[in-house]
Number of protein chains: 2
Amino acid sequence: MKTLRMAVVGYGNIGRYAVEAVQAAPDMELAGVIRRSAKLSPEEAKNLAGIEIVTDVGMLGQVDVALLCGPTRSIPETAPQYLTRGIHTVDSFDIHGEKLWQLRSTLDAIGKEHGSVAVVSAGWDPGSDSLLRALLLAMAPKGLTYTNFGPGMSMGHSVCAKSKPGVRDALSMTIPTGTGVHRRMVYVELEPGAELAQVAAAIKEDEYFAHDDTRVFAVPSIDELKDVGHGVLMERKGVSGSTHNQTFEFRMSINNPALTSQIMVSCARAAALRLAPGAYTMPEIAPMDMLPGDREMLVKTLV
Amino acid sequence: MKTLRMAVVGYGNIGRYAVEAVQAAPDMELAGVIRRSAKLSPEEAKNLAGIEIVTDVGMLGQVDVALLCGPTRSIPETAPQYLTRGIHTVDSFDIHGEKLWQLRSTLDAIGKEHGSVAVVSAGWDPGSDSLLRALLLAMAPKGLTYTNFGPGMSMGHSVCAKSKPGVRDALSMTIPTGTGVHRRMVYVELEPGAELAQVAAAIKEDEYFAHDDTRVFAVPSIDELKDVGHGVLMERKGVSGSTHNQTFEFRMSINNPALTSQIMVSCARAAALRLAPGAYTMPEIAPMDMLPGDREMLVKTLV
C-alpha cells in the first residue's frame, strides 16, 4: 500500500482537525503544515510539536495531496498554486450553485493541463449530503428532498452578525423547523453603549437573514456558548418507477470541523489513487474510492 | 440526450416493476421484454400490451442495456450471454461476500474483453445500502455500523420454509430487534395432515434460520399476508479523525421490487454512459453518474 504524503494548508478550525485525520489514516503521512507565517502561538506550538511548519509546499519534499483548510473565499486563488505543480487538492468550498460550478470548471481545466485532481466542496453540505441527495434521486427520481440543518452554529451567519456596528462578537445558531425551513437564533455580545434593538434591526435586514425567522438576543459572553456540534436531517418522499410513497430519512449528529476534515482526507485518497486529472464534486466520486484497503476485501466485507 | 434502448430480461416480481421504471425514465425506451417463452397469461398480456415480447435479444434490434430480472441463481449464466454481445448488464444478485466477488471478477473479465459494462448487485442490500456503508466509513472510519432490515418479507427465507415437507406455502417476515439482530416470523400454510410442530422443527434447524430467533405459525392463507413493503434502519456511531461519538442514521420504508428495479434502471445509465468496460458494484459508482441531465445542471442544483 502506497503511503500518501499530505500537506495541510492553513491551521484554523478545519486545519487542526485535518492534522488529526491525516495522522489517524493508515495509508497517509503528514508531510507538514503550510501557513502564511511559520510563527506559532504557544498553544499551536504545543499542538504541532514534531510537525514540519513551513510557508511554502516546496519546503516539504514530495507531496501528493494538499488539504486546503483556509476560508472558502481563499480557495479559488489557493488551489491553482498546487494543481499547477501537479499536487492534488481537496477543499471544502462551502458555497452552492453558480460559484461552485465556476470553481469546478476552472480547476477542472487546470487539473487536466497539469495532471492533477481537485476535489471541490468536500465537506458535508456541500459534500456528503450532496452525494446522498444524488443517491436518493437515483432511488426515487420524482418527489421532494428536504435538507434540515442543525441545531448548530453557522459560521457564515455568525461572521455576518459580528460585522454589524455595536457587535463585539456573535454566534448564529441554525434551528431546523422542518421541510428545509430554518430559524436563526442570533446571540450577540454588545459593545458598550450599543442598543440591542438597533443591532437586531441591522442583522434582520441583512440579505443573509432577511428570508428567515431571525431572533436576536444579547448575552454577556459568546465564548461560553461555543459548541461545534451540528446536525442534519434529510428527508425524501418520492416515486420509484410508478410506485409512490417511497420514504427515506438520513440523520446525523456530528462535530462539524472533525467531520469536514475527515471527509477531506477520505476524498484525498480518491484524488491520489483513483480519479483521472480534472475536478470533481463528491457525488461525482464513487464512495469506495474514498476508502483504504484493496477492492476484493472491500467488496467482500462492505457490499 | 441519447435515448438508451433497454431490454428487460424476465417478467417476474422485479421485471414487472422494471418495465414501469424504464417507461418512467426520461432518457430511455423499452426495446422489449425477453422471456424463455413468449406465451403470456391473460393478465400478463394486458400489462404488456404494446410491448415487444421475445425469447432472444437478437430479435429486438439495437439494445444498450439488459436489465437481468431473473432469480439470483440465474445471473452467472445469463449475464455473459449479453456482455459477450457488447450489451451492458445490470443485475440485482443478492448474495453477499465470496459469491458476489466471484461474479464481479468473472463479469469484469468478460466485460473488458467485449467492451461492455456489468453492474452487479444493483439493489438495495447489496446495493444502495452498500454504497451508504462505504460513505459512512469515509465519514467516520472507526466504529460500528448496524444494518437492521424490515419489517418485511424475505424471499430467500420464504422459499426455504416453503421447501419443507408438509408446507404448501410460506412467508418469512424479517423483524429488526436492533443492533443488526433479527427475528424471523414464519407463517406457513400446511398441507392436509401436516403437523405444525414437525414443520416448525424442520424450519428452525435449517441453516437459513438456525442462527436467528425463529417463530413459526400456521395460517389459513399465505396469499392474504403478502405485502412487498420493506424497510431498513442503518446506524453508525464512530470516529472522524480523533473525534468520537459521530452518529449517523439512515432509514427507509419502501416497496421492495419497485425500489430494486428503479435502482437497476439508474445504474443502467452509469453503465451505458459513464463507466469503462468491466464490472462494478454500487459503491464503485459515482451516484451522479446514475442520474439523467447534464453535469452543469446537476452540480448547480444538487451539490
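A quick note: this is a predicted structure, and the numbers were derived from the prediction, not measured.

A. Molecular detail of the relation of the copies chain B and chain A. The transformation that overlays chain B on chain A combines an axial shift of 0.0 Å with a rotation of 180 degrees, and the residual RMSD is 0.0 Å. In the structure described here, the two chain copies are related by an operation that fits a two-fold rotation axis. An overlap of 100% is found between the interface residues of chain B and their copies at the interface of chain A, pointing to a shared contact surface.

B. Structural detail: the packing of aromatic side chains. Taken as a whole and judged by the stated rule, the model has four aromatic pairs over all chains. When the centroid spacing of 6.3 Å and the interplanar angle of 50 degrees are considered together, the rings of Trp124 of chain A and Phe149 of chain A count as tilted. Of this pair, Trp124 of chain A sits in the loop between β6 (117–119) and α5 (128–139) while Phe149 of chain A sits in strand β7 (residues 142–149); the two residues are 25 residues apart in sequence, bridging distant segments of the chain. Residue classification places Trp124 of chain A among the buried residues on the basis of a relative accessible area of 9%. A ring pair is formed by Tyr187 of chain B and Phe217 of chain B, whose centres lie 5.5 Å apart and whose planes are at 20 degrees; its orientation type is stacked. Of this pair, Tyr187 of chain B sits in strand β10 (residues 182–190) while Phe217 of chain B sits in strand β11 (residues 213–218); the two residues are 30 residues apart in sequence, bridging distant segments of the chain.

C. Structural detail: the pairing of strand β9 (residues 167–176) of chain A. Residues and elements named next belong to chain A. Across two bridges, the pairing between strand β8 (residues 152–153) and β9 is antiparallel. The partner of Gly152 across the bridge, within β9, is Thr174. Note that β9 and strand β10 (residues 182–190) share nine bridges and pair antiparallel. In the sheet register, Pro176 faces β10, and the bridge partner there is His182. Linking β9 to β10, which pair antiparallel, is a turn of five residues; within it Gly178 sits at a positive phi near 100 degrees.

Cut-off values and rules
- Residues numbered from 1 in each chain as written.
- Chains lettered and ligands numbered in written order.
- Predicted model: local features only at pLDDT ≥ 70, side-chain atom pairs only at ≥ 80, totals over all residues.
- Heavy atoms only, no water.
- Least-squares fit on C-alpha atoms with pLDDT ≥ 70 in both.
- Contact = heavy atoms within 4.5 Å.
- Phe/Tyr/Trp six-rings, centres within 6.5 Å; stacked < 30°, edge-to-face > 60°.
- Helix = DSSP H or I, 4+ residues; strand = E, 2+ residues; numbered from the N terminus.
- Buried < 20%, exposed > 50% of the residue type's maximum accessible area, 1.4 Å probe, protein only.
- Pairing = 2+ DSSP bridges.

Any functional reading would require information beyond the geometric quantities listed.
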